[in-house]
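# Chains, contacts and geometry: an overview
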Amino acid sequence: MKKSDWILAVVILAAAVLIFLVQAARDSEGEKEVTVTVDGEIFGTYSLSEDQTIKINGTNRFVIENGTVKMDWADCPDQICVNHREISRDGESIICLPNHVVLAVEGGKSADLDGIVR
Amino acid sequence: MSCLQLKGEKALTWTASCARKGNRLKNRAAYFGVFTAFALILSYVEMLIPFHFGIPGVKLGLANLIIVIVLYKTDWREALLLSVVRVVLAGFIFGNLFSILYSLAGGILSLAVMVFLKKKERFGIAGVSIAGGVSHNIGQLVVAMLVVETYQVGYYLPVLLISGVITGLLIGILSGEVLRRIRHIQLT
């Protein structure tokens, strides 16, 4: 491997760690909810603190349990969203591309402010 | 210019060069068939490995091995053609129209980046392959964003960057080894 190969690898890894740190800093402890979007339009918003199972237009079904969201059924052939791990952090999402369905976790009211400047 | 239309005094010399051209074309077609078959086998092997990391897009990208080899052994035109042929065939056999769309976006962006970096000559095969792996993931991510119309898809960008570096490095080392062993074979 040439020296510039190593530099390239390290730069990309550093960028990844940086983005990850920004995401971790943005994650909030407050009340969270999951927003369901179909074709870019909001289908519904559900609180993560309430265990429930919700069907989306007969194409997908997801479960909220112990503050995490998991897609447990989809009618698409690839099943990528079903194999997706459960999500719970602010900004995380499960996407079913064939059905254009997006489940996205968002920090609740306490996370509306990015920061406070005094 | 077609070889069949030549008449007159120059005909004799032209036929000789036309025959050579024909042989080269036959060679190219034969090698291209072998590469296509190999790429499809690698796509199949990749599909057999039950590897669900829980984050879509994290995978080995074994078929990229043959793309890198062809890129170094012949030129970018062959690599582009092979990339497109592989994605379309593998898509019809193992996937669906969606997987073709994402793979094409990733594959073409990845190849463009690799061709660019290879021309720079500052990078070795490992660096070129790493850039290819990472840009493949970025290309698929961009298409995913366009399809579902949300930016949230980008949340897993760090994971995809890291996995792109690791798989790109592996593919780069592997193809370097393969190229060293087939260096006596002339493809062009």
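You'll find the structure just up there.
Owing to the predicted nature of the structure, the values given are computational and were not obtained by experimental measurement.

### Details of the nonpolar core
- Ranked by internal contacts, the top residues of the largest apolar core, which has 37 residues, are V34, F62, V69, M71, C81 and L103 of chain A.
- Looking at this core, the elements that each hand over two or more residues are β1 (32–38), β3 (52–56), β4 (60–65), β5 (68–74), α2 (80–83), β6 (93–96) and β7 (101–107) of chain A together with α5 (125–148) of chain B.
- If sequence neighbours within four positions are ignored, C81 of chain A has contacts with N60, M71, A74, C76, I94, I95 and C96 of chain A.
- Among the nonpolar cores identified, the runner-up in size contains 34 residues, and L8 of chain A together with I66, I67 and F123 of chain B belong to it.

### Here we look at unusual backbone geometry
- With a phi angle near 55°, D39 of chain A is a residue other than glycine that sits in the positive phi range.
- Of note, D39 of chain A is situated in the loop between β1 and β2 (41–47).

### Concerning the pattern of salt bridges
- With the rule as written, the count across this model stands at 7 salt bridges over all chains.
- A salt bridge links E177 of chain B to R180 of chain B; the nearest nitrogen and oxygen atoms lie 3.0 Å apart. Taken together, the residues E177 of chain B and R180 of chain B, both in helix α6 (residues 157–181) and 3 residues apart, mark about one turn of the helix.
- R181 of chain B serves as the salt-bridge partner of E177 of chain B, at 2.9 Å between the closest nitrogen and oxygen. Linking E177 of chain B with R181 of chain B, this pair stays in helix α6, spanning 4 residues, or about one helical turn.
- Shared partners join several salt bridges into a network, and the residues in it are R85, R89 and E92 of chain A.

### Things to note about the pairing of β4 of chain A
Residues and elements named next belong to chain A.
- Here β4 shows a buried face lined by N60, F62 and I64 and an unburied face lined by R61, V63 and E65.
- Both β3 and β4 contribute to a ladder of 5 bridges, which runs antiparallel. Across the sheet, the residue bridging to I54 is F62, located in β4.
- Adjacent in sequence and paired antiparallel, β3 and β4 are bridged by 3 residues, among which N57 carries a positive phi angle near 50°.
- Taken together, the 6 bridges between β4 and β5 define a ladder with antiparallel strand orientation. When the sheet's bridge partners are listed, I64 is paired in β5 with V69.
- Between the antiparallel neighbours β4 and β5 lie 2 residues, among them N66 with a positive phi of about 50°.

### Considerations on the packing of aromatic side chains
Residue and element names in this part refer to chain B.
- One pass over the structure, following the stated rule, counts 3 aromatic pairs over all chains.
- Ring geometry for Y44 versus F94: centroids 5.6 Å apart, planes at 25°, classification stacked. Here the residue Y44 occupies a position in helix α1 (residues 11–48), and F94 occupies one in helix α3 (residues 76–94), the gap between them amounting to 50 residues.
- The class of Y44 is partly exposed, set by a relative accessible area of 39%.
- Judged by relative accessible area, F94 falls into the partly exposed class, the value being 30%.
- Between Y155 and Y156 the ring centres are 5.3 Å apart and the planes differ by 85°, which places this aromatic pair in the edge-to-face class.
- Above the face of the Y72 ring, K118 is positioned so that its terminal group lies 5.1 Å from the ring centre.
- Over the aromatic face of F123 sits the side chain of R122, whose NZ or CZ is 6.0 Å from the ring centroid.

The rules behind each value
Residues numbered from 1 in each chain as written. Chains lettered and ligands numbered in written order. Predicted model: local features only at pLDDT ≥ 70, side-chain atom pairs only at ≥ 80, totals over all residues. Heavy atoms only, no water. Core = buried A, V, L, I, M, F, W, Y, C linked by side-chain atoms within 4.5 Å. Buried < 20%, exposed > 50% of the residue type's maximum accessible area, 1.4 Å probe, protein only. Helix = DSSP H or I, 4+ residues; strand = E, 2+ residues; numbered from the N terminus. Contact = heavy atoms within 4.5 Å. Salt bridge = Lys/Arg side-chain N within 4 Å of Asp/Glu carboxyl O. Pairing = 2+ DSSP bridges. Phe/Tyr/Trp six-rings, centres within 6.5 Å; stacked < 30°, edge-to-face > 60°. Lys NZ or Arg CZ within 6 Å of the ring centre and 35° of its normal.

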